[in-house]
Amino acid sequence: MTQDDILDGIFSKAISGKGIFKDASVLKTDYIPQQLLFRNNQVKTIGEVLSPLLRGSKCSNLLLYGKTGTGKTAASLYVLRKLKEKAIERDLIISFPLS
């Protein structure tokens, strides 16, 4: 089998849309699941710190630290997404960069 044949096979599979994964988007670095498992305490703490924004008040600063891959970014983006949804429900304008 030539390299051209190999690449043709790879490209044909890509075009056909058939893949190994049911939902490959979950492998992206910016993927945040609808429910974060085993992060209730962290989600609660972040939510409590940011909740004054829904009353039009300033919130406290927040410093998240820990080992790589432990869910700091996922937990914070999850809470920010939920905060934004709640703000929209209440016709509030809260802006922050979200990917």
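In what follows, the structure referred to is the one given above.
All values reported here derive from a predicted model rather than from experimental measurement.

The rules behind the values
- Residues numbered from 1 in each chain as written.
- Predicted model: local features only at pLDDT ≥ 70, side-chain atom pairs only at ≥ 80, totals over all residues.
- Heavy atoms only, no water.
- Helix = DSSP H or I, 4+ residues; strand = E, 2+ residues; numbered from the N terminus.
- Rg over C-alpha atoms; globule rule 2.2 N^0.38 Å.
- Buried < 20%, exposed > 50% of the residue type's maximum accessible area, 1.4 Å probe, protein only.
- Contact = heavy atoms within 4.5 Å.
- Areas by Shrake-Rupley, 256 points an atom, 1.4 Å probe, with all protein chains shown as cover.
- Lys, Arg positive; Asp, Glu negative; His and termini not counted.
- Charge placed at Lys NZ, Arg CZ, Asp CG, Glu CD.

**Student:** Requested: an account of the overall build of the protein, with residues and values cited.
**Tutor:** Counting secondary structure elements, the protein contains three helices and zero strands. For the protein, the succession of helices and strands along the chain, N to C, is α-α-α. What you see for the protein is a C-alpha radius of gyration of 20 Å, clearly larger than the 13 Å of a compact globule of 99 residues, by over 25%. Taken across its 99 residues, the protein has 18% of its residues classed as buried. Counted over contacts in the protein with a minimum sequence separation of 6, partners at least 24 positions apart contribute 55%. Carbon together with sulfur atoms contributes 57% to the accessible area of the protein, which is approximately 8500 Å² in total. Each charge class in the protein can be summarised by its mean position, and for the 15 positive and 9 negative side chains these summaries are 13 Å apart.

**Student:** Got a sec to walk through the environment of leucine 7? Specific residues and values, please.
**Tutor:** With respect to the element layout, leucine 7 can be found in helix H1 (residues 3-16). Residues leucine 7 and isoleucine 32, 25 residues apart in the sequence, show an inter-C-alpha distance of 33 Å.

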